[in-house]
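The chain contents come next:
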Amino acid sequence: MDLSKLGDLMRKTQSAIVEKERLIKAMDDIQSAVGVDGVRAMMESALTARDRVGVQDFVLLENHTSEVAFIENLRKRFKENLIYTYISSVLVSVNPYKELEIYTKQHMERYRGVNFYEVSPHIYAVSDNAYRSMRTERRDQCILISGESGAGKTEASKKVLQYYAVTCPASDHVQTVKDRLLQSNPVLEAFGNAKTLRNDNSSRFGKYMDIQFDFKGAPVGGHILNYLLEKSRVVHQSHGERNFHIFYQLIEGGEEDLLRRLGLERNTSQYQYLVKGNCPKVSSINDRSDWKVVLKALTVIGFSDDEVEELLNIIASVLHLGNVQFGSEDSGSAWITSETQIRYMSRLIGVDVAVLKEALTHKKIIAKGEELMSPLNQEQAAAARDALSKAVYGRTFSWLVNKINDSLAFKDDSRLSSKNASVIGLLDIYGFEVFQNNSFEQFCINYCNEKLQQLFIELTLKSEQDEYEAEGITWEPVQYFNNKIICDLVEEKFKGIISILDEECLRPGDATDITFLEKLEETVGGHAHFVTHKLADGKTRKVMGREDFRLLHYAGEVNYNVNGFLDKNNDLLFRNLKEVMCRSENKILTQCFDREELTDKKRPETTATQFKTSLAKLMEILMSKEPSYVRCIKPNDAKQAGRFDEVLIRHQVKYLGLMENLRVRRAGFAYRRRYEIFLQRYKSLCPETWPSWNGRLVDGVSTLVKHLGYKPEEYKLGRSKIFIRFPKTLFATEDALETRKHSIATKLQSAWKGYSQKTKYRKLRSNAIVIQAWWRGILACKKAQRRRQAADTIRKFIKGFIYRHQPRCPENEYFLDYVRYSFLMKLHRSLPKTVLDKSWPTPPPALAEASEHLRKMCMQNMVWKYCKSISPEWKHQMEQKMVASEIFKDKKDNYPQSVPKLFVGTRLNGEDINPKVLQALGSEKMKYAIPVTKYDRKGYKARSRQLLLTANCVVIVEEAKLKQRVDYNSLKGISVSSLSDGVFVLHVPCEDNKQKGDVVLQSEHVIETLTKLAICADKINSININPGSITFTGGPGKEGIIDFTAGSDLLIAKAKNGHLSVTAPRLNSR
Ligand SMILES: Nc1ncnc2c1ncn2[C@@H]1O[C@H](COP(=O)(O)OP(=O)(O)OP(=O)(O)O)[C@@H](O)[C@H]1O
Ligand SMILES: [Mg+2]
């Protein structure tokens, strides 16, 4: 739905609510202003202007005791096509004899779920009210439709059914049921209705239909009870009347092929059973289209093709049978004059022609224990033929009803347990009828109407008044005519007309219709409602035949002609005809004519008694349900629209007891309920009575209605019931209940949700606890296992420790393994990282050897790694440092300081040395050069010089001069002090003239210089380290001494003794 529509809808709903509130308020205002009738007026004013014609409820009539006013109101409304008017809850319906636009789906929707008085009177309102009462009060309902023939009962019952079919909830299954319920009507009407003088579609059987509803209110099944079909119509119709519709429909509508198969002609005048009334065509009936409707309905109901064929075979057979004519032989015996009909018939119902012929013309008698076939005369044969036709048709009709019942039956009985199932009964029976010539059928029909009237009186007038009395409600009795007296006249045991008729039928001797009449005169002659020609006064006698008796029915006087009463009551069919039917190949007939019937010696009950019993049962059924009434009125005898025949209507108003009904209603209360039911239903509306009332019921109800604000004139409390005067009061209470239901439902819902959630939670919780317990169990098991293992381990450990010095044995193997393992692991964690790191964990004794191996391997590995990673420069450096270490370690005081200082390649580069020097050296490559201080051999003067090392010699250079060159081969040795000074002496051979003696030098980097020199000259072992003094040769025969002493500062100077004195600071204490 789009938003604009939704907005519209909300606006409409809003305005409807405002309107309703306005109306309710206006209603209250009017009520307080004008009293009781004002309320009704208000209800009226709420309706449309058109509906306000007259009053829509006779209870609102100004002059409610006036019959004139009553009829005037009916007329006013009838003129405006308002055919429905209420007398409180009773619906009065006047047949409009024309189609009105008031039965559309929209109308149905308008009445759905709406309170009775909120909308204009309608058959739908009654239907809806019954439906809602059924649902809310869970009580079976029935809708009783009464009125004379042609008043509109059948139409009304169809409207009710349609209403339920459209408005009740449906599922697929329910839709089928609805269709079948609806389609049962055209079928039953085709076979059970006929045109009479009173009604073109007159019901010639009584019908009571139960519609079954499931707990959701959907129609789920149905059941039909049928009452006494007017069978005589099959063989005879009064002038202007017709046989049952089906015969005409078949002949008019049946396809050519079908008719040919059935041996029928499309001409109704060809059939004796259809010509009696001389009225084959009726303007209001279209037999051809009705035929199609019926055929379709049969399929919807579930008839198979074979069943339809057999059904039509029977209908055609009846027509053929009607055409069978008899001649009379000289002996008086009857014979069949036309073969064709009998042949068709025998073929159609599958019986032997000869057997059928014999059965139609003979009667089986038993004489002296022997069965004999006694021929019938012409008249008897015709009677036997008609009896057979009636029996066949009548029984087929009952079969049809049973078949429909099968199809309507609710299959799943479990769902329809008495607790869940609810029923609405619908009674549509033949109406009261009076013809020129009234026979046994009219007697039965009118008796039936008499019984219904009595029921109406019982349930409305009498019981209502009895109830007020019983309940102690102040009450002014209303006089009414109780027709019980007429019912008794007809049905009373031994004394009633039916008993007398039965007696005449059963008694031995020559009983005739006339003897029956005489017997009646004898027995009930004195009855106020019974007259015969003989007993009547002069005036009455003139309008009565000698064979008539007159009954003064509640609805009028009817003369019944006794002719045929005995036969019709006996309803006899010759035994041999029954036998033939039992043998028929037609499946329907074999079901209709049971073989057991042939052997059953008991005389069947007479028709009237059967009817009486079935009516008594019907009354019981109706009494057990809550009734709604529809009283149908026929506006004229001409079946004309718009004609309001006042005399006819007054008559009906009178005999239907509508005035009394109105008076009782006016004085009475619209609603009453037993205290417990009332309290049970509405207790939720009052805090004191909800959820339960523990005191006396009457006090509970009193508290409740006071809480609801009932005014004293609105209700009365009886002995066991509360009486509510106005429907409005009840409706307001109902509305309140509707609202309250929602809040109760919400509460229930929340309670239920809470409960279900709690249950769910509890379940989850208990499940969780189970899982937890299991899990904890598992954990505890694991923990215990671990502890056990731990204890075992500790035990093993301790034992192992104790036995640790023993040879390996089971007791100590674990311990030993563990110790090894932990040593190896520890080793693994703390392996030395560098070759200098000498740490190594102490191995257990068993691993001492392995540990040593490992240690070596580890060291080798580290060394190898170290060596691999060392650069050539560094290697060279290290080699020089190794040499230095060999020479000076622990021998010279400043050696330790030299260790961290890296040796450099040279301290003087090419550019620092005079090129001439380099030139003088020639190809000899300089390996190392350093500035040094030279001390003269004599005066020990210090002079700056450069010391150069080549591959073969050491050279002393002064500027550009090569001052001295000493080949390594001739270098005798090198002396140096053990102190921290840088003085050293190169010893050269003194015999070499070129040399001027040993050279005394001082270097700032003495360790480096001497190491390089030692390496170049390969004189590692020729370096002498002297602790005190060094003696050197200063030329041939000359000797010099250098004295070394430790002091605070470096001081080199010539001492007084002529020695060179060197004082060197002490760097390392040794
Ligand atoms: N509500 C209605 N609207 C239109 N026409 C109606 C209505 N009620 C009855 N009729 C007309 O009146 C005729 C007779 O009505 P219906 O067959 O219902 O009478 P009845 O009371 O069942 O009579 P009977 O007792 O003979 O069966 C209908 O065929 C129909 O033409
Ligand atoms: Mg009818």
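The name an unreviewed UniProt entry assigns to the protein chain is Unconventional myosin-Ic, from the organism Alosa alosa. The record in UniProt for the protein chain states the following under Sequence similarities (unreviewed entry): "Belongs to the TRAFAC class myosin-kinesin ATPase superfamily. Myosin family."

Novice: Looking at this structure, how should I read the overall build of the protein chain?
Specialist: In terms of regular secondary structure, the protein chain is built from 37 helices and 31 strands. Over its C-alpha trace the protein chain gives a radius of gyration of 69 Å, far above what one expects of a compact globule, namely 31 Å for 1070 residues. Each principal axis of the C-alpha distribution contributes one length, and for the protein chain these read about 215 × 85 × 70 Å. By the burial criterion, 49% of the 1070 residues in the protein chain qualify as buried.

Novice: Looking at this structure, I do not really get the site of ligand 1. What am I missing?
Specialist: Not every one of the 19 residues close to ligand 1 is listed here, only the nearest: N95, S149, K153, T154 and S202. Here a nitrogen atom of ligand 1 sits 3.1 Å away from a polar atom, N or O, in the side chain of Y103. The contact in question runs from an oxygen atom of ligand 1 to an N or O atom on the backbone of G431, over 2.8 Å. Starting from 620 Å² of accessible surface for ligand 1 in isolation, the protein chains cover 89%. Residue assignment for the shell around ligand 1 shows that the elements contributing at least two residues are α6 (153–167) and β5 (202–203). A total of three residues in the shell around ligand 1 trace back to one element, the largest contributor, which is α6. Grouping the constituent residues of the shell around ligand 1 by class yields five nonpolar, ten polar and four charged.

Novice: Looking at this model, I keep getting lost on the nonpolar core. Mind explaining?
Specialist: In a soluble, globular protein the nonpolar side chains are often hidden away together inside. By size, the foremost hydrophobic cluster in this structure holds 112 residues, and its most contacted members are Y164, F191, I246 and F247. It is helix α16 (residues 378–408) that contributes the most residues to this core, 13 residues altogether. Residues in contact with Y164, not counting those within four places in the same chain, are S127, A130, Y131, I143, K178, I211, F213 and I424.

Novice: Would you take a moment to explain the sheet that holds strand β17 (residues 671–674) for this structure?
Specialist: Pairing between the strands of a sheet is mediated by backbone hydrogen bonds and can be parallel or antiparallel. Read across the sheet, three strands follow the order β17-β19-β18 without closing on themselves; strand pairing throughout is antiparallel. Across the chains shown, the open sheet's two edge strands, defined by having one partner strand only, are β17 and β18 (715–717). Ignoring which end each strand starts from, the neighbouring axes of this sheet average 15 degrees apart. Looking at chain direction, β18 and strand β19 (residues 721–724) are connected through three bridges and run antiparallel. From the neighbouring strand, Y715 faces β19, where its bridge partner is I724. Relative to the sheet, helix α30 (residues 697–708) contacts β18 and β19, its axis offset from that of β18 by approximately 160 degrees.

Novice: Hey, could you run me through the coordination of the magnesium ion (ligand 2) in this one?
Specialist: Around a metal, the ideal angle is 109.5 degrees if four donors adopt a tetrahedral arrangement and 90 or 180 degrees if six donors adopt an octahedral arrangement. Bound to the magnesium ion (ligand 2) on the protein side are T154 (OG1) and S203 (OG), at distances that span 1.9 to 2.0 Å. Here T154, found in helix α6, pairs with S203, found in strand β5; they are 49 residues apart in sequence, far enough to count as distant. Each member of the pair, T154 as well as S203, carries the same accessibility label: buried.

Novice: Quick question: what am I supposed to make of the UniProt feature "binding site: ATP" (unreviewed entry) in the protein chain here?
Specialist: Mapped onto this numbering, the UniProt entry annotates "binding site: ATP" (unreviewed entry) at G147, E148, S149, G150, A151, G152, K153 and T154. Relative to the elements of secondary structure, E148 occurs in the loop between β3 (141–146) and α6. Taking the relative accessible area as the measure of exposure, E148 reaches 8% and is therefore buried. Other than its neighbours up to four places away in sequence, E148 contacts K153, G431, F432, C632, K634, L648, Q652 and Y655. Separated by 2.9 Å, the side chain of K153 and the backbone oxygen of G147 make a polar contact.

Novice: Looking at this structure, I do not really get the packing of aromatic side chains. What am I missing?
Specialist: To describe a pair of aromatic rings, one takes the distance between the centres and the angle between the planes. Taken as a whole, this structure holds 37 aromatic pairs when the rule is applied. Ring centres 6.4 Å apart and planes at 25 degrees place the aromatic pair Y814 and Y818 in the stacked group. Taken as a pair, Y814 and Y818 lie in helix α32 (residues 810–829) at a separation of four residues, close to a single helical turn. By relative accessible area, Y818 is classed as partly exposed at 36%. Put simply, the rings of Y103, Y111, Y124, Y131, Y163, Y164 and F213 pair up and form one aromatic cluster.

Novice: Before we go on, may I ask you to explain the sheet that holds strand β25 (residues 983–987) in this structure?
Specialist: Strand order in the open sheet formed by eight strands is β23-β22-β21-β20-β26-β25-β24-β27, with mixed pairing between adjacent strands. Every other strand in the sheet has two partners, leaving β23 (961–967) and β27 (1023–1026) as the edge strands with one partner each. Within the sheet, the average angular offset between the axes of one strand and its neighbour, ignoring direction, is 30 degrees. Here four bridges tie strand β21 (residues 942–950) to strand β22 (residues 953–958), and the two strands are oriented antiparallel to one another. Residue pairing in the sheet places L949 in a bridge with V954 of β22.

Novice: Mind showing me how you'd approach the pattern of salt bridges here?
Specialist: Any two side chains of opposite charge can pair, given that their charged atoms come close. This structure, assessed with the given rule, holds 59 salt bridges. In this structure, E155 engages K158 in a salt bridge whose closest nitrogen and oxygen atoms are separated by 3.4 Å. One end of the pair, E155, and the other, K158, are both in helix α6, three residues apart, so they sit about a helical turn from each other. With relative accessibility at 17%, the residue K158 sits in the buried group. With its nearest N and O atoms 3.1 Å apart, the salt bridge here joins E491 to K451. With E491 in helix α18 (residues 484–491) and K451 in helix α17 (residues 440–471), this pair connects stretches of sequence that are 40 residues apart. Neither residue differs from the other here; E491 and K451 are each classed as buried.

Novice: In this structure, what is going on with the packing of helix α9 (residues 245–253) against helix α12 (residues 287–301)? I would like to understand it.
Specialist: Geometry of a packed helix pair, given as the angle between the helix axes and the separation of the axes. Put simply, α9 and α12 touch, their axes get as near as 8 Å, and they point 100 degrees apart. On the basis of their axis angle, the class for α9 and α12 is roughly perpendicular. Contacts between α9 and α12 pair I246, Y248, Q249, L250, E252 and G253 from the former with D287, R288, D290, W291 and V294 from the latter. Looking at the contact of α9 with α12, its residues break down into five nonpolar, two polar and four charged.

Parameters and conventions
Residues numbered from 1 in each chain as written. Chains lettered and ligands numbered in written order. Predicted model: local features only at pLDDT ≥ 70, side-chain atom pairs only at ≥ 80, totals over all residues. Heavy atoms only, no water. UniProt positions renumbered as here; feature names shortened; annotations may be inferred. Helix = DSSP H or I, 4+ residues; strand = E, 2+ residues; numbered from the N terminus. Rg over C-alpha atoms; globule rule 2.2 N^0.38 Å. Buried < 20%, exposed > 50% of the residue type's maximum accessible area, 1.4 Å probe, protein only. Near = heavy atom within 4 Å. Polar contact = N/O pair within 3.5 Å; in protein donor to acceptor, adjacent residues only side chain to side chain. Areas by Shrake-Rupley, 256 points an atom, 1.4 Å probe, with all protein chains shown as cover. Nonpolar A, V, L, I, M, F, W, Y, C, P; charged D, E, K, R; others polar. Core = buried A, V, L, I, M, F, W, Y, C linked by side-chain atoms within 4.5 Å. Contact = heavy atoms within 4.5 Å. Pairing = 2+ DSSP bridges. Axes fitted to C-alpha atoms, helices over the stretch in contact; angles between N-to-C directions. Donors = N, O, S within 2.8 Å, 3.2 Å for Na, K, Ca; no water. Phe/Tyr/Trp six-rings, centres within 6.5 Å; stacked < 30°, edge-to-face > 60°. Salt bridge = Lys/Arg side-chain N within 4 Å of Asp/Glu carboxyl O. Parallel < 35°, antiparallel > 145°, perpendicular 65-115°, else oblique.

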